[in-house]
There are 8 protein chains.
Amino acid sequence: GFAKIDHHRSLRLGLPEVIYAAGKTPAQVAGIFERMAAAGGDVLATRASAEAFAAVHEVEPRATYHETARVIGMRQQPHVAGVGPIAVVCAGTSDLPVAEEAAVVAEYLGLEVHRVVDVGVAGLHRILSQREVLATARAVIVCAGMEGALPSVVGGLVAAPVIAVPTSVGYGASFGGVAALLGMLNSCSPNVTVVNIDNGFGAAYVAAMIVRSGDRKS
Amino acid sequence: GFAKIDHHRSLRLGLPEVIYAAGKTPAQVAGIFERMAAAGGDVLATRASAEAFAAVHEVEPRATYHETARVIGMRQQPHVAGVGPIAVVCAGTSDLPVAEEAAVVAEYLGLEVHRVVDVGVAGLHRILSQREVLATARAVIVCAGMEGALPSVVGGLVAAPVIAVPTSVGYGASFGGVAALLGMLNSCSPNVTVVNIDNGFGAAYVAAMIVRSGDRKS
Amino acid sequence: GFAKIDHHRSLRLGLPEVIYAAGKTPAQVAGIFERMAAAGGDVLATRASAEAFAAVHEVEPRATYHETARVIGMRQQPHVAGVGPIAVVCAGTSDLPVAEEAAVVAEYLGLEVHRVVDVGVAGLHRILSQREVLATARAVIVCAGMEGALPSVVGGLVAAPVIAVPTSVGYGASFGGVAALLGMLNSCSPNVTVVNIDNGFGAAYVAAMIVRSGDRKS
Amino acid sequence: GFAKIDHHRSLRLGLPEVIYAAGKTPAQVAGIFERMAAAGGDVLATRASAEAFAAVHEVEPRATYHETARVIGMRQQPHVAGVGPIAVVCAGTSDLPVAEEAAVVAEYLGLEVHRVVDVGVAGLHRILSQREVLATARAVIVCAGMEGALPSVVGGLVAAPVIAVPTSVGYGASFGGVAALLGMLNSCSPNVTVVNIDNGFGAAYVAAMIVRSGDRKS
Amino acid sequence: GFAKIDHHRSLRLGLPEVIYAAGKTPAQVAGIFERMAAAGGDVLATRASAEAFAAVHEVEPRATYHETARVIGMRQQPHVAGVGPIAVVCAGTSDLPVAEEAAVVAEYLGLEVHRVVDVGVAGLHRILSQREVLATARAVIVCAGMEGALPSVVGGLVAAPVIAVPTSVGYGASFGGVAALLGMLNSCSPNVTVVNIDNGFGAAYVAAMIVRSGDRKS
Amino acid sequence: GFAKIDHHRSLRLGLPEVIYAAGKTPAQVAGIFERMAAAGGDVLATRASAEAFAAVHEVEPRATYHETARVIGMRQQPHVAGVGPIAVVCAGTSDLPVAEEAAVVAEYLGLEVHRVVDVGVAGLHRILSQREVLATARAVIVCAGMEGALPSVVGGLVAAPVIAVPTSVGYGASFGGVAALLGMLNSCSPNVTVVNIDNGFGAAYVAAMIVRSGDRKS
Amino acid sequence: GFAKIDHHRSLRLGLPEVIYAAGKTPAQVAGIFERMAAAGGDVLATRASAEAFAAVHEVEPRATYHETARVIGMRQQPHVAGVGPIAVVCAGTSDLPVAEEAAVVAEYLGLEVHRVVDVGVAGLHRILSQREVLATARAVIVCAGMEGALPSVVGGLVAAPVIAVPTSVGYGASFGGVAALLGMLNSCSPNVTVVNIDNGFGAAYVAAMIVRSGDRKS
Amino acid sequence: GFAKIDHHRSLRLGLPEVIYAAGKTPAQVAGIFERMAAAGGDVLATRASAEAFAAVHEVEPRATYHETARVIGMRQQPHVAGVGPIAVVCAGTSDLPVAEEAAVVAEYLGLEVHRVVDVGVAGLHRILSQREVLATARAVIVCAGMEGALPSVVGGLVAAPVIAVPTSVGYGASFGGVAALLGMLNSCSPNVTVVNIDNGFGAAYVAAMIVRSGDRKS
Ligand SMILES: Nc1ncnc2c1ncn2[C@@H]1O[C@H](COP(=O)(O)O)[C@@H](O)[C@H]1O
Ligand SMILES: Nc1ncnc2c1ncn2[C@@H]1O[C@H](COP(=O)(O)O)[C@@H](O)[C@H]1O
Ligand SMILES: Nc1ncnc2c1ncn2[C@@H]1O[C@H](COP(=O)(O)O)[C@@H](O)[C@H]1O
Ligand SMILES: Nc1ncnc2c1ncn2[C@@H]1O[C@H](COP(=O)(O)O)[C@@H](O)[C@H]1O
Ligand SMILES: [Mg+2]
Ligand SMILES: [Mg+2]
Ligand SMILES: [Mg+2]
Ligand SMILES: [Mg+2]
Ligand SMILES: [Mg+2]
Ligand SMILES: [Mg+2]
Ligand SMILES: [Mg+2]
Ligand SMILES: [Mg+2]
């Protein structure tokens, strides 16, 4: 076999391993998906093309394709409602695929998600009008490419951890997400941490960890 | 006055604002420290030189200097024991100042901190022998300059959020922390997020946020 | 002589040439200053050390030293009050030297300057409380190192050109002002332009040009 | 809806918001265009493909496509002639798309525009022969990819603000516009400011701001 | 002729020269292959497309195509079994093409190769379970894109030279292999050296050199 | 204690761990040195200042200081002559400290070392005249800052592994060793591998590994 | 017209201006070509596609297409044989297009050109066997992507100016020619200068200048 | 001995080798200087500190120190007047050390040198007023840090090769000479080549080569 599935992880972390479909053939994705489904847990694949979904659907008709998010998912475990909630904030229309990857993955990981879209810092009234929904979130994911400052602004509005996701959206001196990444690393709101450019999946995973870390305690 | 103190933040976030002493004169640091102390809360200054502490000590004899961490602190609020705990992991001796900044700030923010030092990935038995203390942590901070992979390894051992702090320790192609930063952003453990190079303060702040986010819930 | 003074510029642009003192010996600065003073106009030197000022003061006792701004100035021309006004906005205490370079040069170039200091985006109430003074400005200069987003936020609040000055303040992934520079170049407020890192002088010059371009018209 | 239109901006800034069509589907562009048109103001979309225009034309037959500039525009407001004027200077044939984006947007924003094309610094007589038209401009936009020095040269010839637009034209060590960008940021003419690589739109917007800032005064 | 074949190299180094097929037409590859085959030694071409193989196969029906590795090979010399052995370690499924280039080339260079696949550092049990096979290797090649730390971990487990091959697999801040490259150059295991990004061929060649250097001695 | 000594390594690898003295106080270096000496093996410290040596000498009078190499060493184990040999090649006078670090460490690790100095590629007769000594080496270390091509040239002359060490010597576009590093990674001699900039220690360690890997076999 | 032809240049420099066809439509290239041909001099276009040539051929049937070099040329002026000569040296097969651009342009500029191909530094006998032809050259152009050291080696063999052309050939850490560029800028042969990556045209132009500068004198 | 003197070079190239004093101790510089002087030719050392000169002067009282240029020279060979001439052009006062290095070295290499100083592109009249002296030069060296475009402008004014020397003068986004270097590599005047940042010596050497290449012919 070309992949060793890490069933340990699920035991260790309480969250399923997730297939990274980029750079795998549809057949490879379908094969791993099928084996993981057979183990009885929820199954997820990110960065999945329509072709990959077609191959998965062949072997697992219960699988669903989230097109904007490029995520294939299948739930086999019972689901507790209202865990969290978290918020996923998105600066512009073009950041939507990354934000949706974060939101869809978070939902599969069991979280309730509030989406807040198109709230750039150049028009502050947009984000200020969302203060209430932000205030309820136990973690906030902020996805932005040309608005590297949005996580700082959001970070100043909430008393929760903010996970910043730079996106590769933009042109010229945005350098495929590097400008946003640097802006976020230099955030002057101290509750901001950063994940890799376009890594909506990782942001969702960390948000789930944060929520579970809290729940574990009580 | 040359600085506007953000008392709002403390109300909003439940955590004190912290003075960033780098690039301020000892007199400026002492001035801000004194005004913030007068407000009755705990006061902290990071990146503080011995000279800055001397000036603060003049006006606030109760202030303490944490030399390795370069932190000046003064507690005025009652302190609840055993909140957390969190772990602060440090790859090598040279990463200690950043790790101590994280640990000392976290303690002032009310957390119980377990320190795990000198555990590089080239000798895995060192980190593996610390699994138990890591397992109890509700958040783990990992500081490393020449061991950009340490957060990934730690991330695979725990079911808690990992906050990676690249340090500027190293030479040659370490590029002042950039190599570690990139390694951490590309971490293959999905529970890892990253803060700025050498930003032990930010890591502590986020850890406190994570713990509080969980406590708030229950 | 080691320098050709460009008297043409003053005729062409209506603004004096300015001595760039960095990398010149005190004697060289004093020599150029004296010759330019002899021409009868206002004289300015930027990036001037205390030593350079001592040498200038020797030959031109009427010269003034603006310490924070590191500017030496001498006014010989009549001065019209209230031209502009412009605003100079400064994110943090450590950005003050650059902001003061901008403000002091702008004043020598004949502008009325409103200073707005310590208004980071992580505490929006600070900048929002300054909306009125910003609204009167015919150009706004924004200096920031760790707050690359501040010009975007300011740009969304005013109907005037915003000149963003990245400063080399910060650490780690701020890369000596590069993070702020990139954030400003990618600003989502379309009224923002950018000058070189730490170039308070250039920002003031452009602001004066903008104001004069408008005045010329009427 | 996938986008929040910022009608505030037009009130605040006196200039319309502009649709950024890159990364939006033709249907999305057309949908936003239609809603903005319904509000009664002038409407503009930049970075628009022929396909996007086809979709817009379907819902708004009065819209015009400026092919070289890749701009879709529709004027609904009365137009005052002769505001400005400004000049748009273009180093080489390959910089034309960016220069045209600047010129067309500026015209929609109400400015009179003089175009000066193909005037590289390696043949100075070309730009020197345009001194008169440059002298009348209240702001000058200079677009150049392989001639990062052109804004400095133009800046030395005029007593107006110069807005430099690096273009991604070039090969090898031009690095997609970075060489031009750096040359412009280091300009030795102090009346030069810079916008993002290929950002003709932003340059036009700033030019309009500069002209209005002046007009407002009188 | 468009290429000078270096028959000296084979004499000097005891290993055949290898055709680098990238950027050569199928006809060029076939032509060089044929001439080298005529010299009687083993022949290899790396970075070879299926089209290049078709052209080679036309002139040399005995040639074999290793698809994942993108290598064309033909053995004409007798082969001694069990030389080495070496191990080729691969972090993830997407690193397989580079690992296979290394493994296949090493086999043609006469080495016995043990493949160890899909052993990322985030699940240490995977690599720890391979300690025995690693312990027998006289050199270990480690290929990884998103796991820049894997060579450090492997380096700590073996008493043999480790040749690290960064791969261009990954996204965002992996920068086409740069993150992995830097992580490997900063390895804290002192038995690690590095070759160019994706250079499986070079790693195999060095491994063969190391084994021969040892054999030569006895 | 501030450091965990890895006695395992010596068992595993058959080579002593080495103290990295940079960023440690003289007292720390002396403390670790003393403890390691007590274990009975050879002890080495690299990047050691004269101050560090003074502190070590206090506690271990048998220790020796190699000034150019900045290495402190103490041999306690019997030494077999003539193992190897290896060659250490040095492009220019300014690369000597790195080359000496490599040579001295290699000698402590038990190897016989031939030094070849000042052999730049711009005067090929220098390196060509050293062919014989190079031909006897079982591994060749090449240290160069402004001669990034030297390892390629040497690689073409020998049938042994070449370990390239870029040095931070040079100015301007040498970027602290980056130019040499890139040249070495792109080497067209396939027997070349690379270690970190200025990492003479690592190169020596790998050379010892290569020689031992061969010896182990027989 | 979209382009101003610089007839001055030919008068000033004694060499024709050359059309840079990249980023121009075939029709634009043909139009400029035709106008320049009408002026009676030799005409050249570089970076020309087959489509561009088809369009040129339509209007100027005497034009020739040099396919590997991607150059369109047409000679109308009498040609003096044997001027120079110069040498064009090429490291590998993949560098041929750039080398041919240099050679073909140099021939159109009136020079006699000796081509020396496939002479990498890893097999020194190849370049050493070409010493005689190199010795006759009055300028030497060296094109190399993965052999950034070749100009240094050639520079050490000749008493003439060497013009180094980095090519974008290579992979991984070659970074599209940057590694070669840096190697060439740091050349330790002081007779080496550098032009832009892939700029065969510029190298030829400078070589012609050098030869003419010499001829002018006598 | 720590250095192999390359007497071959002088025979091969007709120009003396030159000592690069940076990174050598005064004693080393004096030692090499003495040995080279004993060979009877002219001797030069660049990047020489006053301390290095003191040591040289001790052993060679005939040696001269050129302070701004940081060059130590001693002429022992007869000198032919009026060879060349060349011009050395300098953008600003701060570029003088590099320009003087070029000019002084060129004079020792036997060239007549015309110095043209303080001629930035923002005031074109300065450089235009020097056209006549530029026109007589057989090669032109242009040194500039903040005026990366100056070589392009000069290149358009002369019919001779232009050697561009970026200097590390500037601040912010000048990046220690990188901005100037890139501007020069992208020069739109095709007679421009580039040497390393601050490499006045190399520029002089190439200029001498160019002049000699021409003289050799006649
Ligand atoms: N070491 C540190 N790194 C980054 N930010 C800090 C640090 N210490 C304090 N801060 C933040 O800096 C801000 C205070 O900056 P200042 O107003 O310049 O003292 C507060 O928002 C703190 O949260
Ligand atoms: N702080 C500054 N930053 C950038 N340019 C400056 C500064 N101060 C003065 N200048 C410009 O520097 C030039 C004078 O340089 P110099 O001839 O070297 O004295 C003039 O063009 C000024 O406009
Ligand atoms: N070519 C452009 N480059 C940068 N920003 C633009 C461009 N065109 C429009 N914009 C801005 O993009 C914003 C609209 O983005 P969106 O909401 O994604 O359509 C507005 O603030 C515009 O001012
Ligand atoms: N995949 C590869 N990466 C780097 N170098 C290679 C590769 N395959 C072959 N080579 C080397 O490329 C050279 C042959 O290049 P060429 O003459 O262009 O075929 C030989 O020196 C080989 O050792
Ligand atoms: Mg929007
Ligand atoms: Mg250690
Ligand atoms: Mg503050
Ligand atoms: Mg042109
Ligand atoms: Mg896996
Ligand atoms: Mg030497
Ligand atoms: Mg070849
Ligand atoms: Mg000047």
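### Focus on the overall build of chain A
Argument step 1. On a plain count of helices and strands, chain A comes out with 9 helices and 9 strands.
Argument step 2. Here the C-alpha radius of gyration of chain A, 17 Å, is about what a compact globule of 218 residues would show, namely 17 Å.
Argument step 3. The principal-axis extent of the C-alpha atoms belonging to chain A is close to 50 × 45 × 25 Å.
Argument step 4. The proportion of buried residues among the 218 residues of chain A is 65%.
Argument step 5. Of the accessible surface of chain A, which amounts to about 6,900 Å², a share of 55% is contributed by carbon and sulfur atoms.
Argument step 6. Averaging the positions of the 16 positive and the 18 negative side-chain charges in chain A gives two centres separated by 8 Å.

### With respect to the site of ligand 1
Argument step 1. If you check the shell around ligand 1, you find 13 residues, and the closest are V18, K24, T46 and F201 of chain B together with Y171 of chain C.
Argument step 2. Separating an oxygen atom of ligand 1 from a backbone N or O atom of Y20 of chain B is a distance of 3.3 Å.
Argument step 3. In this structure, an oxygen atom belonging to ligand 1 sits 2.7 Å away from a side-chain N or O atom of K24 of chain B.
Argument step 4. Expressed as a share of its isolated accessible area of 500 Å², the protein-covered part of ligand 1 is 85%.
Argument step 5. For the shell around ligand 1, a count of residues per class yields 7 nonpolar, 2 polar and 4 charged.

### Topic: the sheet that holds strand β4 (residues 71-74) of chain C
Residues and elements named next belong to chain C.
Argument step 1. Taken in spatial order, the 4 strands make up an open sheet running β1-β2-β4-β3, and their pairing is mixed. At either end of the open sheet lies a strand with only one pairing partner, and these are β1 (19-20) and β3 (64-66).
Argument step 2. Across 3 bridges, the pairing between β3 and β4 is antiparallel. Within β4, the residue paired with T64 across the bridge is G73.
Argument step 3. On top of the sheet, helix α2 (residues 26-38) reaches β1, β2 (43-46) and β4; it is set at about 160 degrees to β2, its chief contact.

### Thoughts on the arrangement of the chains
Argument step 1. Separating chain A from chain G is a minimum C-alpha gap of 15 Å, and the two share no contact.
Argument step 2. For the non-touching pair chain B and chain G, the nearest C-alpha separation works out to 13 Å.

### Side note on the site of ligand 2
Argument step 1. Taken together, 14 residues lie around ligand 2, and E17, V18, K24 and T46 of chain C together with Y171 of chain H are the ones closest in.
Argument step 2. Positioned at a junction of chains, ligand 2 has nearby residues supplied by chains C, D and H.
Argument step 3. Contacts to ligand 2 include T46 of chain C, whose side-chain N or O atom sits 2.8 Å from a nitrogen atom.
Argument step 4. Within the side chain of Y171 of chain H, an N or O atom sits 2.6 Å from a nitrogen atom of ligand 2.
Argument step 5. Considered on its own, ligand 2 offers 510 Å² of accessible surface; in the complex 85% of this is hidden by protein.
Argument step 6. Here the shell around ligand 2 is built from residues that sort into 7 nonpolar, 2 polar and 5 charged.

### Details of helix α2 (residues 26-38) of chain D
Residues and elements named next belong to chain D.
Argument step 1. Compared with an ideal rise of 1.5 Å per residue, which puts 13 residues at 18 Å, α2 spans 18 Å between its outermost C-alpha atoms and is within 8% of the ideal.
Argument step 2. Regarding α2, the residues found buried are Q28, V29, A30, I32, F33, M36 and A37.
Argument step 3. Where α2 is buried, its residues contact β1 (19-20), β2 (43-46), α3 (50-59) and β4 (71-74).
Argument step 4. Backbone geometry just downstream of α2 places G40 in the positive-phi region, at approximately 95 degrees.

### A closer look at the interface of chain G and chain D
Argument step 1. Chain G puts 19 residues into the contact, and the matching count from chain D is 16 residues.
Argument step 2. Where chain G abuts chain D, roughly 1,400 Å² becomes buried across the two surfaces, and 52% of that area is made up of carbon and sulfur atoms.
Argument step 3. If you look at where chain G meets chain D, you find 0 salt bridges.
Argument step 4. For the pair chain G and chain D, the interface holds 3 residue pairs in polar contact (both at pLDDT 80 or more).
Argument step 5. The element best represented in the side of chain G that touches chain D is helix α1 (residues 7-13) of chain G, accounting for 3 residues.
Argument step 6. Taken together, the residues of the side of chain G that touches chain D sort by class into 7 nonpolar, 4 polar and 8 charged.

### Here we look at the environment of V104 of chain B
All names here are of chain B.
Argument step 1. With respect to the helices, strands and loops of the structure, V104 is situated in helix α4 (residues 96-108).
Argument step 2. Considering only alpha carbons, one finds V104 and R70, 34 residues apart in sequence, at a separation of 9.5 Å.
Argument step 3. Dropping the residues within four chain positions of it, V104 is found in contact with H66, A69, V71 and R115.

### Details of the relation of the copies chain G and chain D
Argument step 1. For the pair chain G and chain D, the superposition axis carries a translation of 0.1 Å, the fit reaches an RMSD of 0.1 Å, and the rotation angle comes to 90 degrees. Taken together, the turn and the small shift mark the pair as related by a four-fold rotation axis. The position closest to the rotation axis in chain G is occupied by the C-alpha of F175 of chain G, lying 7.6 Å away.

### Focus: the side chain of S174 of chain C
Argument step 1. Topologically, S174 of chain C is positioned in the loop between β8 (162-166) and α8 (178-185).
Argument step 2. Among residues more than four places away in sequence, those in contact with S174 of chain C are N186 of chain A together with V169 and A179 of chain C.

### As for the state of the cysteines
Argument step 1. Tallied over the entire structure, the rule returns 0 disulfides over all chains.
Argument step 2. You can see C188 of chain D has no disulfide; the closest cysteine sulfur is in C90 of chain H, sitting 13 Å from it.
Argument step 3. Free of any disulfide, C90 of chain E has its nearest cysteine sulfur in C143 of chain E, 6.3 Å distant.
Argument step 4. For C90 of chain E, a relative accessible area of 1% corresponds to the buried category.

### Thoughts on the pairing of strand β6 (residues 113-117) of chain D
All names here are of chain D.
Argument step 1. Pairing of strand β5 (residues 86-90) with β6 involves 5 bridges; the strand directions are parallel. Its bridge partner being in β6, C90 is matched across the sheet by V117.
Argument step 2. What joins β5 to β6 is helix α4 (residues 96-108), and the crossover it makes is right-handed.

### Remarks on the pairing of strand β7 (residues 140-144) of chain E
Residues and elements named next belong to chain E.
Argument step 1. The buried fraction of β7 is high, at 5 of 5 residues.
Argument step 2. Covered by surrounding structure in β7 are V140, V142 and A144 together with I141 and C143, the residues of both alternating faces.
Argument step 3. The sheet contact formed by strand β5 (residues 86-90) and β7 spans 4 bridges and is parallel. In the strand pairing of β7, C90 is matched with C143.
Argument step 4. Sheet analysis places β7 next to strand β8 (residues 162-166), joined by 5 bridges and oriented parallel. Bridge pairing links C143 to V165 in β8.
Argument step 5. The parallel pair β7 and β8, bridged by helix α7 (residues 150-157), forms a crossover whose chirality is right-handed.

### Description of the environment of R70 of chain E
Residues and elements named next belong to chain E.
Argument step 1. If you trace the backbone, R70 turns up in the loop between β3 (64-66) and β4 (71-74).
Argument step 2. Judged by its relative accessible area of 32%, R70 falls in the partly exposed class.
Argument step 3. With 27 residues separating them in the primary sequence, R70 and P97 have C-alpha atoms 7.6 Å apart.
Argument step 4. In contact with R70, other than residues within four places in its own chain, are A45, T46, R47, A48, Y65 and P97.

### Comments concerning the pattern of salt bridges
Argument step 1. Applying the stated rule across the entire model yields 48 salt bridges over all chains.
Argument step 2. A salt bridge links R62 of chain A to E60 of chain A, with the shortest nitrogen-to-oxygen separation between them at 3.2 Å.
Argument step 3. Residues D42 of chain G and R75 of chain G are paired through a salt bridge, measuring 3.9 Å at the closest nitrogen-oxygen approach. Of this pair, D42 of chain G sits in the loop between α2 (26-38) and β2 (43-46) while R75 of chain G sits in the loop between β4 (71-74) and β5 (86-90); the two residues are 33 residues apart in sequence, bridging distant segments of the chain.
Argument step 4. In this structure D42 of chain G comes out as buried when scored by relative accessible area, which is 16%.
Argument step 5. Owing to a relative accessible area of 33%, R75 of chain G belongs among the partly exposed residues under this scheme.
Argument step 6. Shared partners join several salt bridges into a network, and the residues in it are E100, E107 and R115 of chain A.

Rules and cut-offs
Residues numbered from 1 in each chain as written. Chains lettered and ligands numbered in written order. Predicted model: local features only at pLDDT ≥ 70, side-chain atom pairs only at ≥ 80, totals over all residues. Heavy atoms only, no water. Helix = DSSP H or I, 4+ residues; strand = E, 2+ residues; numbered from the N terminus. Rg over C-alpha atoms; globule rule 2.2 N^0.38 Å. Buried < 20%, exposed > 50% of the residue type's maximum accessible area, 1.4 Å probe, protein only. Areas by Shrake-Rupley, 256 points an atom, 1.4 Å probe, with all protein chains shown as cover. Lys, Arg positive; Asp, Glu negative; His and termini not counted. Charge placed at Lys NZ, Arg CZ, Asp CG, Glu CD. Near = heavy atom within 4 Å. Polar contact = N/O pair within 3.5 Å; in protein donor to acceptor, adjacent residues only side chain to side chain. Nonpolar A, V, L, I, M, F, W, Y, C, P; charged D, E, K, R; others polar. Pairing = 2+ DSSP bridges. Contact = heavy atoms within 4.5 Å. Axes fitted to C-alpha atoms, helices over the stretch in contact; angles between N-to-C directions. Expected span 1.5 Å × (residues − 1). Buried area = accessible area lost by both parts, 1.4 Å probe. Salt bridge = Lys/Arg side-chain N within 4 Å of Asp/Glu carboxyl O. Least-squares fit on C-alpha atoms with pLDDT ≥ 70 in both. Disulfide = S-S within 2.5 Å. Right-handed = clockwise from strand over helix to strand, strands pointing away.

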